[in-house]
Amino acid sequence: MLKIYDLRCNGLIQAYGLTSSSICYSWKIQGKNALKPVKYSLKVIDERHILIWEKEVDAAELNLLSVDYDGPELAAHGCYRWQVTGYDSNGERFVSQSDFTIGNTDNNWQALWIDGTYERKFSQDQTNVMKIFTGEAGPCEKPDEVLNPPICLRKTFQTNKKISKALAYATAHGIYRLSINGAEVGNLLAPEYTSYDKYLEINQYDITNFLIGNNHCIGAVLADGWYTGKIGLLGIGDQHGERNAFYFQAHIFYEDGTEEVVVSDTTFKWHTGDWDYADLFIGEKQVPGRLEDAWTSPDYDDRDWLSVNATSYSTEAFVGRAADPVKVIRTFEAVDIITTPSGELVIDAGENIVGWVKLTVKTTTDTTIELTHSEVLDHEGNFLMNILGQNKNQTDVYELKVAGEYTLEPYFTFHGFQYIKVQGLRKEDIIKAEIVVIGTELRTTGSFKCSDPMLNKLQENIFRSQQGNMISIPTDCPQRERAGWTGDMQVYAPTACFNMDVYAFLDKWLTNVELEQSPDGQIQNITPTMDSDKYIARKEGDNFASAAWGDACVIIPYTMYHKYGKKQILSKYYNMMKKWMDYVEREASSSFIDGVDQLSDEMQEHHKYLWNTGVHFGDWLYPSSENPFGSADMTKEYVAPTYFAYTSGLMAEISDILGMAEESHRYSTLSQRIKEAYVAVYFDEEGRLPVELQGLYVLSLATDCCPEDRRASVARHLDTMIKENGYRLDTGFASIAFLLDVLYENGCEETAYKLLNQDQAPSWLYEVKMGATTIWERWLAIMPDGTRTNASYNHFAFGCVGDFMYRRLGGLYEESPGYQKVLVAPDIDCGLSWAELMHECPYGEIQIRWERKAEAVSVDVRLPIGVEGILRIRDEEWVITQEHYELPVAVTC
């Protein structure tokens, strides 16, 4: 019997409040034996149980298990059920269904933006980058004096008729928590982080079951969040505005056919609550009990509350849900509560996570508790605040005025940590310490295990770093910056797509990337962009975009197309890609390094194809460079042209996929000329580059910016460099994703595996050996002598090695977009005795397991229905036929 599962509407688990004009339904199937679906029937039924759309499709015609809606226009505020029924080759039917809702697509926004009538505190944050980087500007010393408290907002209203349906819409400049009649209905950190003035998600909530009786109360708490908080690398506040604001609109539909709209307006009242302040990075301070819990009930006496102020913010940037929300992923008890050698009380979460600690305590007197979060202990086992910089306190404070038992957790902040220093409590005062892990609700779609425990631990670390850095946007780290660096996501995208279903998540973020693209085509290095980015952009004139970072606008959609099979991701962002490529081409042809005008006409012509000027991050953070900006300056001239060649080649392929033959030819020609120019300008007769760094040779080989007749010798030279470095890598952000494949594909498989299995610094397994539970920002975050540095210990970029493991060791290759055709080709000579892999592709679950026993190797493969496969072991191949679907294909060789 076949089964339909993982139903998605527009790729969402929670498809509520959609405002997209296009709706796509997708699903997966699983089952046993050789049964195959013959056809599918889709239906959409409205809340009155009326069929409004039906479509039948032949299963053989579906490249992906998805169908676009092409029925009547769906009603604003409409609640719908969609159903998919499949029929197998035996005539059996199998069915599943799910719900989705439409948002306020009429755009009849009637509410007012509101805020409290109070004078905000304004602190003068340091803007001198060097003073921040050297520690002169550090943690906020007196948060009470410079931070503003969240405000509580409330409004009562009445209903006197029987309610059929009630939908509420809410958003904020800041973050909010919403309740109706005392019941919390909102999401964590809503409306999350976007390019506020261009893209602001307005969340829809079904509040029908909360409107009990006739008297009702809307309650909301509004905090700074990303809008006015001390955010980013520099920790500067008011990056998107100087005042927060809240927006609310509820549509109540009565059974008699009438409708009432309840809105945020000047009838709302406000008051300060149980917080002195709440900042995403600094932390929050609570004074529990200062405001009665009953303030969200309709009969609460709010005579002492103040009238709100209406503001003039626009609603033009409102969009409905495009990605699933942030939620609590898991909760577990801390592994230990220790007293350090210096006498401090420290809670050990047991792993580096993103979230907070939920602490249950008992007190016998007036108590102030401080909880400071960090990622590591020092080499003697004492608490170490490793995240330095302006306003990076990561400290939550609780003032308990009355003795008793309390359960304490923050509401408007989160932290990246493993250790929590506790002040104001004794160990015996702590009843329970629970670790709350948060993240965007992303379905896990991949797993990898093998006979090497160290590689298994590496995979755990990769997954944990991905989970911790997928909170609202793809971030570089969850404690110091939480910024959407495009370069980090670019190198990590293939690994991300294997481990989790990130399609809708990345699509939403890419929309923001496009919205923030400058008129001349430049892509911001960070999206959403903050005003304070101007202090760290390392601008030269009007140029700020960096190669490998800006190229994310091409590389990420290209990766998503291959992993998910949806051509529309390419067409959707093609204009953004083209504008970016036009910018790079203009820069290459008009801006030259010193001395070009003294060269021959032929060489001057070559330089017109080399993007080797401007501000770039180069091969950022390669380990032999002690200074990050030094690594950029040393390599940027050589990195940028190779990425230009690489991305031009991708654009040729993308244009061809979209049926743009002329554009495809143009980009193909451009890419070839860039490669020829790179070889002519930078490679000498011996096949050497002016700067002898591993990453530069990796990139020249990976992008074919290498003399073809000397490719083998260039690869041997790279191999020799690595061997002479003790089989240790020396690659940074721009080259790391290509490193192992370049070696593997150029006859240096042994060196590739030695790098992967290396446990001496710098290497992936060195981090594991040193106790890492996430991927580090820098290869030497912990020095061999045990010294802890002030690097981030949770950066997913270098975890891109996962993609190599899933392909070379696990054996899974997508031979056509979306895994409709796969090659199963594990390298059984990789040194492992077994490996197993699971990946849930758009069609369903792919399983691979291979094992070496004595002289024999057994391989078991299971493919979902709709996926064709070839199994290749060394030089032998087996076709996985239709009859093998959902059955293990066992081969012994």
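Scroll up a little and you will see the structure.
None of the values given here were measured: they were computed from a predicted structure. (Residues numbered from 1 in each chain as written. Predicted model: local features only at pLDDT ≥ 70, side-chain atom pairs only at ≥ 80, totals over all residues. Heavy atoms only, no water.)

Visitor: Looking at this structure, how should I read the overall build of the protein?
Guide: Scanning the protein for helices and strands turns up 18 helices and 44 strands. For 893 residues, the compact-globule estimate of 2.2 N^0.38 gives 29 Å, and the C-alpha radius of gyration of the protein, at 28 Å, lies within 12% of that figure. Overall, the protein is about 85 × 70 × 60 Å in size when its C-alpha atoms are taken along their principal axes. A sequence separation of at least 24 residues applies to 73% of the contacts in the protein between residues at least 6 apart. In the form shown here, the protein has an accessible surface area of approximately 33,700 Å², with 45% of it arising from carbon and sulfur atoms. Computing the positive centroid from 80 side-chain charges and the negative centroid from 131, the protein places the two 3 Å apart. (Helix = DSSP H or I, 4+ residues; strand = E, 2+ residues; numbered from the N terminus. Rg over C-alpha atoms; globule rule 2.2 N^0.38 Å. Contact = heavy atoms within 4.5 Å. Areas by Shrake-Rupley, 256 points an atom, 1.4 Å probe, with all protein chains shown as cover. Lys, Arg positive; Asp, Glu negative; His and termini not counted. Charge placed at Lys NZ, Arg CZ, Asp CG, Glu CD.)

Visitor: In this structure, what is going on with the environment of D238? I would like to understand it.
Guide: By the secondary structure assignment, D238 is in the loop between α3 (225–228) and β16 (245–254). Look at D238 and you get partly exposed, because its relative accessible area is 26%. Sequence spacing of D238 and V146 is 92 residues, and the spatial spacing of their C-alpha atoms is 12 Å. Setting aside chain neighbours within four positions, we find D238 in contact with R120, F122, Y227, T228 and G229. (Buried < 20%, exposed > 50% of the residue type's maximum accessible area, 1.4 Å probe, protein only.)

Visitor: Please explain the packing of helix α13 (residues 694–702) against helix α14 (residues 711–724) as it appears in this structure.
Guide: Two elements in contact, α13 and α14, have axes whose closest approach is 10 Å; the angle formed by their N-to-C orientations is 150°. Our classification of the angle between α13 and α14 gives roughly antiparallel. The way α13 lies across α14 gives a crossing that is left-handed. Residues Q694, Y697, V698, S700 and L701 of α13 form the contact with α14, whose own contacting residues are R711, V714, A715, H717, L718, M721 and I722. By residue class, the composition of the contact of α13 with α14 is eight nonpolar, three polar and one charged. (Axes fitted to C-alpha atoms, helices over the stretch in contact; angles between N-to-C directions. Parallel < 35°, antiparallel > 145°, perpendicular 65-115°, else oblique. Left-handed = near helix turned anticlockwise from the far one by under 90°. Nonpolar A, V, L, I, M, F, W, Y, C, P; charged D, E, K, R; others polar.)

Visitor: Hey, could you run me through the pattern of salt bridges in this one?
Guide: Working definition: two side chains of opposite charge can pair if their charged atoms are close together. For the coordinates displayed, the defined rule picks out 59 salt bridges. Between K327 and E441 there is a salt bridge, and its shortest N-O distance comes to 3.5 Å. In this pair, K327 sits in strand β24 (residues 326–333) while E441 sits in the loop between β33 (430–440) and β34 (446–450), placing the two residues 114 residues apart along the sequence. Since its relative accessible area comes to 33%, K327 is described here as partly exposed. According to the relative accessible area criterion, E441 is buried, its value standing at 14%. Between R874 and D829 there is a salt bridge whose closest N-O contact spans 2.6 Å. Linking R874 in the loop between β42 (868–873) and β43 (876–880) with D829 in the loop between β38 (821–824) and β39 (834–841), this pair joins segments that are 45 residues apart in sequence. When its relative accessible area of 51% is taken as the criterion, R874 is described as exposed. (Salt bridge = Lys/Arg side-chain N within 4 Å of Asp/Glu carboxyl O.)

Visitor: Sorry if this is basic, but what is going on with the sheet that holds strand β7 (residues 93–101) here?
Guide: Backbone-to-backbone hydrogen bonds pair the strands of a sheet. The strands run either parallel or antiparallel. Spatially, the four strands line up as an open sheet ordered β4-β3-β6-β7, and their pairing is antiparallel. In this open sheet, the two edge strands, each paired with only one partner strand, are β4 (51–58) and β7. For this sheet the average axis-to-axis angle between neighbouring strands, irrespective of direction, equals 15°. Note: strand β3 (residues 37–46) against strand β6 (residues 79–88), nine bridges, orientation antiparallel. Looking across to β6, one finds that K39 is bridged to Y87. (Pairing = 2+ DSSP bridges.)

Visitor: Which parts of the structure should I look at to understand the environment of V437?
Guide: Here V437 shows up in strand β33. When its relative accessible area of 3% is taken as the criterion, V437 is described as buried. Residues V437 and K43, 394 residues apart in the sequence, show an inter-C-alpha distance of 38 Å. Not counting residues up to four positions away in its chain, the partners in contact with V437 are K327, V328, I329, R330, F332, I353, V354 and Q467.

Visitor: Would you mind going over the packing of helix α4 (residues 453–468) against helix α5 (residues 486–499) with me for this structure?
Guide: Axes are the key here: two packed helices are described by the angle between their axes and the distance separating the axes. In contact at an axis separation of 11 Å, α4 and α5 are set at 95° when each is read in the N-to-C sense. As judged from the angle between their axes, α4 and α5 are roughly perpendicular. Between α4, through Q459, I462, F463 and Q466, and α5, the contact on the second element is made entirely by Y492, T495, A496 and N499. Tallied by class, the residues present in the contact of α4 with α5 amount to four nonpolar, four polar and no charged.

Visitor: Help me understand the packing of aromatic side chains in this model?
Guide: By the definition in use, this model includes 52 aromatic pairs. Aromatic side chains W275 and F412 sit 5.5 Å apart centroid to centroid with 65° between the ring planes, which places their arrangement in the edge-to-face category. With a gap of 137 residues between them, W275 in strand β19 (residues 275–279) and F412 in the loop between β31 (404–408) and β32 (415–423) connect regions that are remote in the sequence. Across the pair, F412 and W275 agree in class, each one buried. Ring-pair connections join several aromatic residues into one group, and the members of that group are W109, W113, Y169, Y193, Y196, W226, Y227, Y247, Y313 and F318. Over the aromatic face of Y118 sits the side chain of R243, whose NZ or CZ is 4.8 Å from the ring centroid. The ring of F414 has R482 lying over it, and the distance from NZ or CZ to the ring centre is 3.9 Å. (Phe/Tyr/Trp six-rings, centres within 6.5 Å; stacked < 30°, edge-to-face > 60°. Lys NZ or Arg CZ within 6 Å of the ring centre and 35° of its normal.)

Visitor: Honestly, the nonpolar core in this entry has me stumped. Any pointers?
Guide: If you look at the biggest cluster of nonpolar residues, it comprises 225 residues, and the most contacted ones within it are W27, Y40 and F100. The dominant element in this core, judged by the number of residues it contributes, is helix α11 (residues 628–657), at 12 residues. When neighbours within four sequence positions are excluded, Y40 is seen to be in contact with W27, I29, K55, E56, V57, A59, L62, L65, V84, T85, G86 and F94. (Core = buried A, V, L, I, M, F, W, Y, C linked by side-chain atoms within 4.5 Å.)

Visitor: What should I look at first to understand a nonpolar patch on the surface in this one?
Guide: Together, M130, F133 and F629 give the surface a local cluster of nonpolar side chains, amounting to about 290 Å² of exposed area. Mapping M130 onto the fold places it in helix α1 (residues 129–133). (Patch = residues over 30% accessible without salt bridge, like charges linked within 9 Å, V, L, I, M, F, W, Y side chains within 5 Å.)

Visitor: I keep staring at the pairing of strand β41 (residues 856–862) and nothing clicks. Help me out?
Guide: Remember that side chains alternate between the two faces of the sheet whenever the strand is regular. Burial along β41 is one-sided: V857, V859 and V861 are buried, and none of A856, S858, D860 and R862, which face the opposite way, are. Where strand β40 (residues 844–853) meets β41, seven bridges bridge the pair, whose relative direction is antiparallel. Bridge pairing in β41 links W850 to V859. Counting the residues that bridge the hairpin from β40 to β41 gives two residues, and of these A854 lies at a positive phi of roughly 55°.

Visitor: Could you clarify how one ought to interpret the sheet that holds β38 in this entry?
Guide: As summarised here, the arrangement of the four strands in space is β37-β38-β42-β43, forming an open sheet in which the pairing is mixed. Two strands bound the open sheet, and with one partner strand each, they are β37 (812–814) and β43. Strand-to-strand twist in this sheet, taken as the mean axis angle between neighbours without regard to direction, amounts to 20°. Strand direction decides the pairing type here: β38 and β42, joined by four bridges, are parallel. For V822, the partnering residue across the bridge sits in β42 and is G869.

Visitor: Can you help me understand α13 in this one?
Guide: Most of α13 is tucked away: eight of the nine residues are buried. For α13, the complete set of buried residues consists of Q694, G695, L696, Y697, V698, L699, S700 and L701. Close packing links the buried residues of α13 with α11, α12 (661–682), α14 and α15 (736–745). D704 lies just past α13 and shows a positive phi near 65°.

Visitor: Can you help me understand α15 in this one?
Guide: The α-helix advances 3.6 residues per turn, and as a result positions three or four apart in sequence lie on the same side. Counting buried positions along α15 gives eight out of 10 residues, so the element sits mostly inside the fold. Among the residues of α15, those classed as buried are I736, F738, L739, L740, D741, V742, L743 and Y744. A positive phi of about 80° marks G747, the residue just after α15.

Visitor: I tried to follow unusual backbone geometry on my own but got confused; where do I start?
Guide: If a residue is not glycine, its phi is most likely negative; likewise, a peptide bond is most likely trans. Note that the residue after A190, namely P191, is joined by a cis bond; omega there is 0°. Take P191: it is sitting in the loop between β12 (183–184) and β13 (200–201). That bond from T527 to P528 is cis: its omega, 0°, falls within 30 degrees of zero. With respect to the helices and strands, the residue P528 is situated in the loop between α6 (503–515) and α7 (552–564). One non-glycine residue, R482, lies in positive phi territory at about 55°.

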